[in-house]
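# Results of the structural survey
For reference, the chains in residue letters:
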Amino acid sequence: MAFEDCDLYGGIAGVQLPINTFDLGHGVVISKTYAHLIAPFMMAFTPAPPGKHHPPPWRAAKGGFGFDIHAQVHIPADFALLPDWFDKLNTIWWIAALLRFKSAHSVTVPVVANDAFVKGREAEEIEFWPIEIDPHRLQMIVNPSILLEKDLCWVRDYWVKGGHLMEQSKQFNMLFQSFDQSLFTRNTSLALLSLWSALEGVFSPARSELRFRVSANIASYLEDPGAGRMALQKKTAKLYDARSAVAHGMGGNEDSAFRETYNLVRRVLSRVFAENCVPTRDDLEERL
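All of these numbers come straight from a predicted model, not from anything done at the bench.

### So, the sheet that holds strand E9 (residues 128-130)
Read from one edge of the open sheet, 6 strands run E3-E4-E7-E1-E8-E9, paired in antiparallel fashion. Either end of the sheet is taken by a strand with one partner, and the two such strands are strand E3 (21-25) and E9. Taking the axes of each pair of neighbouring strands and ignoring which way they run, one obtains an average angle of 40° across the sheet. The pairing of strand E1 (residues 8-13) with strand E8 (residues 108-113) spans 4 bridges and is classified as antiparallel. Pairing of Gly10 across the sheet is with Val112, part of E8. Packed on one face of the sheet, helix H2 (residues 149-168) meets E3 and strand E4 (28-39) and runs near 20° to E3.

In structure tokens:
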């Protein structure tokens, strides 16, 4: 069954939903549910015939992992924002990514289904597709969080405008995706380089003197003229130094640099969402 031909339900793990339902608009609803995705590892010992499963015997291997799903986001089959929008599967990613951005880094969507998860008890025609199942993530927080209503309201207010901005600006798209996917990167150095590459795409008007130009543009974008802007420029320049050290194989404090850069990108993205526009070269020169 094609994703675009049916309703889609994204199972949200890593957080609790304190209310029964929350309407995001355009037919998209987040609601409470429960399911557990089990991911065991199995061993087979005979090659599989073409187009068929491996024949038994099967043996369970030690280990494996699982996800407790406490909420679901429903994208209806007649989702009205199509066709000039993400497809439905990426709409689920977009909403989950905004929840990670605004509410809880622990949010994942390990599985999507073509019907409500509660119906999986009896309806054999329901299909499930594993999605975000990599257990190796850079954890910014440890404990699962609660989706606060104020954060859900923020997602409701910005998910459509922000989604159109993703379509309109390649630089914003890359910056947001680098920010979101950095949590799924197993190596801190690679995550740091990805974030800075995306920041350069937005804040670098030229290819020379990158350290000063990028740090000065970021500081002028986030701070009014004065001591606060100067302090942020100096701090951002040091973070750029950490990025350069990693790029040239001389890293040593990349964990701290990644966390600080991650929070810096969060500030930049928050301002882009609030202003509903990506700063242009002229904007940055005027601010500077």
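This is not the end of the story, as more comes after the structure.
### Quick look at the pairing of E4
Sheet analysis places E3 next to E4, joined by 4 bridges and oriented antiparallel. Bridging from a neighbouring strand, Phe22 pairs with Ile30 of E4. Examined bridge by bridge, E4 and strand E7 (residues 65-75) share 9 bridges and lie antiparallel to one another. Of the residues in E7, the one forming a bridge with Ala35 is Ile69.

### Description of the pattern of salt bridges
Here the structure, examined in full by the defined rule, presents 12 salt bridges. With a closest N to O distance of 2.7 Å, Arg211 and Asp241 form a salt bridge. Here Arg211 is found in helix H5 (residues 210-222), whereas its partner Asp241 is found in helix H6 (residues 227-247), with 30 residues between them in sequence. The residue Arg271 makes a salt bridge to Glu275 at a minimum N-O spacing of 2.9 Å. In this pair, Arg271 and Glu275 are both assigned in helix H7 (residues 254-275), 4 residues apart and thus about one turn of the helix distant. A relative accessible area of 25% means that Arg271 is categorised as partly exposed. Glu275 sits in the partly exposed class, given a relative accessible area of 33%.

About the thresholds
Residues numbered from 1 in each chain as written. Predicted model: local features only at pLDDT ≥ 70, side-chain atom pairs only at ≥ 80, totals over all residues. Heavy atoms only, no water. Pairing = 2+ DSSP bridges. Helix = DSSP H or I, 4+ residues; strand = E, 2+ residues; numbered from the N terminus. Axes fitted to C-alpha atoms, helices over the stretch in contact; angles between N-to-C directions. Contact = heavy atoms within 4.5 Å. Salt bridge = Lys/Arg side-chain N within 4 Å of Asp/Glu carboxyl O. Buried < 20%, exposed > 50% of the residue type's maximum accessible area, 1.4 Å probe, protein only.

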